[in-house]
Amino acid sequence: MTTQQRIPVWVKALDPLSQFGLVHALRQRPEIALISDAELTALMAQQDQRTAPPVVALVAVDALDAGAVQVLRAATQRGCRRTVLIGSTIDDDALMTAVELGVSGVLRRTEATADRIVHLLQAAAAGDGSLPPDLLGRLLGQVSRMQRHVLAPRGLSHTGLSDRETQVLRLVADGKDTQEIARELSYSERTVKNVLHDVTSRLQLKNRSHAVAYALREGLI
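None of these values were measured; they are calculated from a predicted model.

Engineer: Any chance you could break down the pairing of strand 1 (residues 7–13) for me, citing the residues and the numbers?
Structural biologist: Across the seven residues that make up strand 1, a large majority, six, are buried. Alignment of strand 1 against strand 2 (residues 32–34), held across three bridges, turns out to be parallel. Following the sheet pairing, V9 is matched in strand 2 by L34. Between the parallel elements strand 1 and strand 2, the chain passes through helix 1 (residues 16–27) in a crossover that is right-handed. Alignment of strand 1 against strand 3 (residues 56–63), held across five bridges, turns out to be parallel. Residue pairing for strand 3: A13 is matched across the bridge by A60.

Rendered as structure tokens:
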């Protein structure tokens, strides 16, 4: 395996022993290129990151408490495009929080062998998610209950977009202007503009094109 094919990994554990153990285990692996804090900062400062392989954050915690959530958010803010989480305790609330924070791979600490960690890092680098089967079942159950009892009565879906917002974005993606969308959906033009304004403001997007690109990338439409 060449250097270019190695996965850049930034390791962050909340206790020194776990940090040392993970770094020691992964340093021996030819698939992994460990990235220090300084190297991560320098890498993110490069002008064009699109051609660089995505940096995967490997975060180890005991429980997904406020400190762990802060580390996960910091990983994203520092430029890590993928995250794998190792946790001692992963309850339903923690699992949903991890997914909401963009974690793509989850592994229990008791199952965290070097081979399994590397497998999750490879999956994350390739853009794939990986959850233990029982955790995946619990997550799907949570999403189903949320959709049924919380979102559906409010006209929302698990994507966070209402049916009306989804319809409008789909028509924008088809190249239709405000007048055409209003005519097709039997809305006023003001309503269409308000829908687009609400979506872009809530998701912190720049304009309708950015909103469509975001929705397509996230699989919302």
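Engineer: How would you explain the pattern of salt bridges if you had to name every residue and give the values?
Structural biologist: In total, this model carries seven salt bridges according to the counting rule given. With its nearest N and O atoms 3.9 Å apart, the salt bridge here joins E111 to R108. Relative accessible area serves as the criterion here: at 26%, E111 is assigned to the partly exposed category. Linked through salt bridges whose partners overlap, the residues forming this network are R29, E31 and D115.

Engineer: How would you sum up the packing of helix 7 (residues 163–173) against helix 8 (residues 178–185)? Please name residues and give values.
Structural biologist: The packing of two helices is summarised by the inter-axis angle and the distance between the axes. Between helix 7 and helix 8, the shortest axis-to-axis distance is 10 Å and the interhelical angle comes to 130°. On the basis of their axis angle, the class for helix 7 and helix 8 is oblique. Handedness of the helix 7/helix 8 crossing: right-handed. Residues Q167, V168, L171 and V172 of helix 7 form the contact with helix 8, whose own contacting residues are I181, E184 and L185. Taken together, the residues of the contact of helix 7 with helix 8 break down into five nonpolar, one polar and one charged.

Engineer: Pulling in residues and values, what's your account of the sheet that holds strand 1?
Structural biologist: Reading across from one edge, 2-1-3-4-5 is the order of the five strands in this open sheet, with parallel pairing throughout. Two strands close off the open sheet at either side, each with one partner strand: strand 2 and strand 5 (105–108). Within the sheet, the average angular offset between the axes of one strand and its neighbour, ignoring direction, is 30°. Two strands pair when backbone bridges link them, and strand 3 and strand 4 (residues 82–89) are joined in this way by seven bridges, in the parallel orientation. Looking across to strand 4, one finds that L58 is bridged to V84. The sheet contacts of helix 1 involve strand 1, strand 2, strand 3 and strand 4, and relative to strand 1 the element is tilted by about 160°.

Engineer: Give a detailed account of the nonpolar core, specifying residues and quantitative values.
Structural biologist: For soluble globular proteins, the rule of thumb is that nonpolar side chains tend to be buried together. If you look at the biggest cluster of nonpolar residues, it comprises 22 residues, and the most contacted ones within it are W10, L40, V55, V59, L64, C80 and L85. Sorting the residues of this core by element identifies helix 2 (37–44), strand 3, helix 3 (66–77) and helix 4 (92–100) as the ones contributing at least two each. In terms of residue count, helix 3 provides more of this core than any other element does, five residues in total. Those residues in contact with L85 that lie beyond four places of it in its chain are V59, V61, L64, L72, A98, V103, G105, V106 and L107. In terms of nonpolar packing, the next biggest core, distinct from the first, is built from 19 residues, V11, V23, V84 and I117 among them.

Calculation criteria
Residues numbered from 1 in each chain as written. Predicted model: local features only at pLDDT ≥ 70, side-chain atom pairs only at ≥ 80, totals over all residues. Heavy atoms only, no water. Buried < 20%, exposed > 50% of the residue type's maximum accessible area, 1.4 Å probe, protein only. Helix = DSSP H or I, 4+ residues; strand = E, 2+ residues; numbered from the N terminus. Pairing = 2+ DSSP bridges. Right-handed = clockwise from strand over helix to strand, strands pointing away. Salt bridge = Lys/Arg side-chain N within 4 Å of Asp/Glu carboxyl O. Axes fitted to C-alpha atoms, helices over the stretch in contact; angles between N-to-C directions. Parallel < 35°, antiparallel > 145°, perpendicular 65-115°, else oblique. Left-handed = near helix turned anticlockwise from the far one by under 90°. Contact = heavy atoms within 4.5 Å. Nonpolar A, V, L, I, M, F, W, Y, C, P; charged D, E, K, R; others polar. Core = buried A, V, L, I, M, F, W, Y, C linked by side-chain atoms within 4.5 Å.

The values are spatial; any link to function lies outside them.
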